[in-house]
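Structural description and commentary
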Amino acid sequence: MTGKVASSLESLNNPDSVSYLTQKEAAEVDEILMGPLGFSVDQLMELAGLSVATSIAEVYGPNEYGRVLAICGPGNNGGDGLVAARHLHHFGYKPYVCYPKRTPKALYSGLVTQLESLSIPFLSMEDLPIDLSNDFDIIVDALFGFSFLGDPRPPFDDLIRRMVCLHSNDQIHQKSAVIVSVDIPSGWHVEEGDISGEDIKPDMLVSLTAPKLCAKKFCGPHHFLGGRFVPPAIADKFKLHLPPYSGTSMCGRIGKPPAIDISSLRENYISPEFLEDHVEADPIDQFRIWFDDAVAAGLRAPNAMALSTAGKDGKLSSRMVLLKGVDKEGFVWSTNYESRKARAISENPHAALLFYWDSLKRQVNHITAQHIIQLS
C-alpha cells in the first residue's frame, strides 16, 4: 500500500499525468453526483468551499495574508466563495465579501446570513479600492464556474479587470495581493484557458472534483485539487487519476511545490506582554501553568522536548524525547541507561531541555546543571 501511495504522489508531480475534464464531462459529473449518487447542491458547495479554504491555509498563513476579499458571482461558484469565506474566518483570517448580484434562492440567502452572523463585512463595488492590493492580501476569484459561457457583463467585467491589473502592474514598492481562483479562473475558456493572454493570472488554482482542461494552461505556483468527496463510481466511469489525500486534508497538491527561499521563511511574532512581575516565584510552578495551557490548546505532543547533552569529549548532541513527569526535583523522561544520551549525562551532568509551543509563541529552556528555567 505504501508503495502505491508513493507512486501516485510521484506521478502527481507531473501535471500531465493527472486527469482533466471537458466542460461536457464536468457537467455530467455534477448530474451524477446530484442524481443517482445522492449529493445535494448545498453539500457539494460546503465541501468545495472547505476545500478552497484549506488550500489557501496550506500556502498563505493568516499572519502574513490575513486580509481576504472573496469576490463572488451569482452562481454555484459564488456560493463556493461564500462558504470559503466562512471557513477562512474560523481559520483566523479576516475575510470581506464582494457579492454584487445576490442570488435570491434560499441556499444563497442562508450563506449570506451565516456570514453576517459572524460580522463578516460585505463590500459594494463603490467600497472597493481601484488597486485591490491596498486593502487585501488574498483575492478569492469565485465569479464564474465551468458552466459560464460568453463575455462577462457589468459589474463582473470591471472586477475581472481589477484582478488582471494586480499582476499587470509592476508594483515595486508594495506586495501585490495574490489571486486564488476557484475551479476556473474567471474569464478563461473552460477548455482552452486564457485565449487572449490578457486574462487573470492566478497565483493559486483550486480545481474542484477534477481539474478542467483549462487547468493545463495554469502557470501559477500552486495548483490544488479539492475532490476528496468524489466516489469511486465517478472515478471509474471517467477514468480519473486523482491524488491520494494526506491524513484528514480536504485538498491535495498537483505538481511540485515551488522552490523555497529559506531566508524568506520568517514570521512576525506578536505575543502578549510578559513582565517579570507576571512570573511565578517558583519556575516549576510557572512551567506547570504554561504546560497546562499547551495541553488545553490541543497542541500535538505538548510534552515533546529537545534534550541536548555533551559527553566528556565535549561533543554536543540533541534529540527529541517525551516528558514523563515534573516535580520540584526537576523533569523526568525515559531512556535506556546504555543509550548515547545516558552515557553522556553520566560523563557530563551539564544538559539542557527545550520545550517549543509554536502556536502559543512560547518556549521553555531548562539548564539542568544550573537548575534554572528560562521563559520566553
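Note that this is a predicted model, so its numbers are computed, not measured.

Here the focus is the nonpolar core. Within the largest apolar cluster, 35 residues are counted, with the highest numbers of intra-cluster contacts made by Ile56, Tyr60, Leu82, Val97, Tyr99, Ile138 and Val140. Of all the elements in the fold, those that place two or more residues in this core are helix H3 (41–59), strand E1 (67–72), helix H4 (76–90), helix H5 (106–117), strand E3 (138–142), strand E4 (178–182) and strand E5 (204–208). Val18, Phe146, Ala210 and Ala215 belong to the second-largest nonpolar core, a separate cluster that totals 27 residues.

Spatial strand order, E2-E1-E3-E4-E5-E6-E7: 7 strands in an open sheet with mixed pairing. Of all strands in the sheet, those with a lone pairing partner are strand E2 (94–98) and strand E7 (252–254), marking the two edges. The mean angle between the axes of side-by-side strands here comes to 25°, regardless of whether they run parallel or antiparallel. Sheet topology places E5 next to strand E6 (residues 222–226); 5 bridges connect them, and they run parallel. Counted as the bridge partner of Val206 is Phe224 from E6.

Turning to the layout of surface pockets, a few remarks are in order. Any space left empty among the atoms is revealed by the rolling of a water-sized probe across them. Roughly 630 Å³ of volume is contained in the second largest pocket. Considering the residues around the second largest pocket, the lining is formed by 32 residues, among which Asn76, Asn77, Gly145, Phe146 and Ser147 are closest to the centre. Elements with a minimum of two residues in the lining of the second largest pocket: helix H2 (23–33), H3 and H4. Ranked by residue count, the leading element in the lining of the second largest pocket is H2, at 6 residues. Each residue belonging to the lining of the second largest pocket can be placed in one class, and the counts come to 19 nonpolar, 6 polar and 7 charged.

Let us now look at the side chain of Thr103. Along the polypeptide, Thr103 turns up in the loop between E2 and H5. With relative accessibility at 13%, the residue Thr103 sits in the buried group. Polar contacts involving the side chain of Thr103 include one to the main-chain carbonyl oxygen of Pro74, which spans 2.3 Å. Not counting the four nearest positions on each side in its chain, Thr103 is found in contact with Pro74, Gly75, Tyr108 and Ser109.

In this section: the packing of aromatic side chains. As enumerated under the stated definition, the model contains 11 aromatic pairs in all. Measuring from ring centre to ring centre gives 4.9 Å for Phe287 and Phe355, while their planes differ by 55°; the resulting arrangement is tilted. Of this pair, Phe287 sits in helix H8 (residues 283–296) while Phe355 sits in strand E11 (residues 351–357), and the two are 68 residues apart along the sequence. Just as Phe287 is buried, Phe355 falls in that class too. Members of the aromatic cluster, joined through ring pairs, are Phe287, Phe291, Phe331, Phe355 and Trp357. One cation-aromatic arrangement involves Arg102 over Phe122; the distance from NZ or CZ to the ring centre is 4.6 Å. Just above the ring of Phe238 sits the side chain of Lys237; from NZ or CZ to the centre is 5.8 Å.

Rules and cut-offs
- Residues numbered from 1 in each chain as written.
- Predicted model: local features only at pLDDT ≥ 70, side-chain atom pairs only at ≥ 80, totals over all residues.
- Heavy atoms only, no water.
- Core = buried A, V, L, I, M, F, W, Y, C linked by side-chain atoms within 4.5 Å.
- Buried < 20%, exposed > 50% of the residue type's maximum accessible area, 1.4 Å probe, protein only.
- Helix = DSSP H or I, 4+ residues; strand = E, 2+ residues; numbered from the N terminus.
- Pairing = 2+ DSSP bridges.
- Axes fitted to C-alpha atoms, helices over the stretch in contact; angles between N-to-C directions.
- 1 Å grid on protein atoms, 1.4 Å probe; cavity = no way out; pocket = protein on both sides within 12 Å on 5 of 7 lines; lining within 4 Å.
- Points joined across faces, edges and corners; volume = space filled by probe spheres on them.
- Nonpolar A, V, L, I, M, F, W, Y, C, P; charged D, E, K, R; others polar.
- Polar contact = N/O pair within 3.5 Å; in protein donor to acceptor, adjacent residues only side chain to side chain.
- Contact = heavy atoms within 4.5 Å.
- Phe/Tyr/Trp six-rings, centres within 6.5 Å; stacked < 30°, edge-to-face > 60°.
- Lys NZ or Arg CZ within 6 Å of the ring centre and 35° of its normal.

Interpretation note: all reported values are geometric properties and have no functional meaning in isolation.
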